[in-house]
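Here are the chains, one letter per residue:
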Amino acid sequence: MDTVTIPSIETPDNINMSSDLSVSCFESLLYPHRLESGGLMFIKKGEAKLSIDLFDFTTKTNDIITLLPGSIIQLKQHSKDLKINLIRISPHFIKNLILPQHIFSSFKFIQLNPVLSLEENDATLIFDFCSAFFQIFERLEQKEKESATIIRHTFMSLFYTLIAAYEQKSRNT
C-alpha cells in the first residue's frame, strides 16, 4: 500500500492542522486503522460513513467528529465531494493537558457519541474559529517559542467550546 502524505501545518505543540482535504488523503482509512493521536475532523462538505471503535456513524456537512487516542477508524463510504478539515493532536500534547475534573466525565460520552451534528450557524462559528486558528499559526510560524503558548491557548478555547457542545448534546439525549 502506498503511503499518503496529508498536507498539514505542524505546531510547536505537536498539533497538526490540515484544511480542505479530499478523500485521496484518507485512503489508508479504507481499512480499520488504530489512531495513535487524537483528532478533530470537521466535515466541510459531503457525506461519509465511518466506523469508529466498531460502531457505524453517518456524517454530513457541518458535523464534527472527535477521535480519541487509540480509536479504531475506518472510512466505509463517502460522497465524491467530501472535504474535511483535520486537527491531529499528539498523545504528548494530550498527556500534558491540565484539565478541570468535570471535563473528564465528558470523555466517555464523546467516546460513545463522537459525531457532533451542528446547525449551520453553529458550524459556521466553529469553522470560522478553526480558520482563525490556522491563520494565527501561519502568522506566528517564525516565532516558534512565542507561538507555542498562543496556539496552545487558542486550541484550548476551541476544545472548551466543543466540550460545551457535547455536554449540551448529552443533556438533550
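Above this text is the structure in question.
About the criteria used
- Residues numbered from 1 in each chain as written.
- Predicted model: local features only at pLDDT ≥ 70, side-chain atom pairs only at ≥ 80, totals over all residues.
- Heavy atoms only, no water.
- Salt bridge = Lys/Arg side-chain N within 4 Å of Asp/Glu carboxyl O.
- Helix = DSSP H or I, 4+ residues; strand = E, 2+ residues; numbered from the N terminus.
- Phe/Tyr/Trp six-rings, centres within 6.5 Å; stacked < 30°, edge-to-face > 60°.
- Buried < 20%, exposed > 50% of the residue type's maximum accessible area, 1.4 Å probe, protein only.
- 1 Å grid on protein atoms, 1.4 Å probe; cavity = no way out; pocket = protein on both sides within 12 Å on 5 of 7 lines; lining within 4 Å.
- Points joined across faces, edges and corners; volume = space filled by probe spheres on them.
- Nonpolar A, V, L, I, M, F, W, Y, C, P; charged D, E, K, R; others polar.
- Pairing = 2+ DSSP bridges.

(A) Structural view of the pattern of salt bridges. Taken as a whole, this structure holds two salt bridges when the rule is applied. Between Lys76 and Asp56 there is a salt bridge, and its shortest N-O distance comes to 3.0 Å. Taken together, the residues span a long stretch of sequence, with Lys76 in strand 8 (residues 72–78) and Asp56 in strand 6 (residues 55–60) at a distance of 20 residues. Between Lys60 and Asp63 there is a salt bridge, and its shortest N-O distance comes to 3.3 Å.

(B) Broad picture of the packing of aromatic side chains. Counted under the stated rule, the structure contains four aromatic pairs. Centre to centre, the rings of Phe42 and Phe127 are 5.8 Å apart; their planes meet at 85°, and the pair counts as edge-to-face. Remark: Phe127 occurs in helix 3 (residues 120–140) and Phe42 occurs in strand 4 (residues 38–45); sequence separation between them is 85 residues. With respect to class, Phe42 is no different from Phe127; both count as buried. Aromatic pair Phe159 and Tyr160: ring centres 5.8 Å apart, planes at 65°, arrangement edge-to-face. Looking at Phe159, the relative accessible area reads 15%, which means it is buried. The exposure class assigned to Tyr160 is partly exposed, which follows from its relative accessible area of 34%. One aromatic cluster is present, built from ring pairs that chain together Phe107, Phe155, Phe159 and Tyr160.

(C) View of the layout of surface pockets. Quantified by volume, the second largest pocket comes out at close to 350 Å³. Lining of the second largest pocket is provided by 20 residues; of these, Thr66, Leu68, Ile94, Phe107 and Phe159 occupy positions nearest its centre. Among the secondary structure elements, those contributing two or more residues to the lining of the second largest pocket are strand 4, strand 7 (63–67), helix 1 (91–95), helix 2 (101–112) and helix 4 (144–172). At five residues, the largest contribution of residues to the lining of the second largest pocket is made by helix 4. By residue class, the composition of the lining of the second largest pocket is 17 nonpolar, three polar and no charged.

(D) Local environment of the environment of Ser18. Mapping Ser18 onto the fold places it in strand 2 (residues 15–21). Sequence separation between Ser18 and Ile84 is 66 residues, and the spatial gap between their C-alpha atoms is 8.3 Å.

(E) View of the pairing of strand 8. In the sheet, strand 3 (residues 33–34) pairs with strand 8 via two bridges, with the strands oriented antiparallel. When the bridges of strand 8 are listed, His33 appears paired with Ile73. Pairing of strand 5 (residues 47–52) with strand 8, which is carried by five bridges, proceeds in the antiparallel orientation. Of the residues in strand 8, the one forming a bridge with Lys49 is Gln77.

(F) Just the sheet that holds strand 5, in detail. Within the open sheet, the four strands sit side by side as 3-8-5-6. Their pairing is antiparallel. Edge positions in the sheet fall to strand 3 and strand 6, since each has one partner strand and no second. Bridge analysis of strand 5 against strand 6 gives six bridges, and the strand direction is antiparallel. Note that in strand 6 the partner of Leu50 across the bridge is Phe57.

What is shown is where atoms sit, not what they do.
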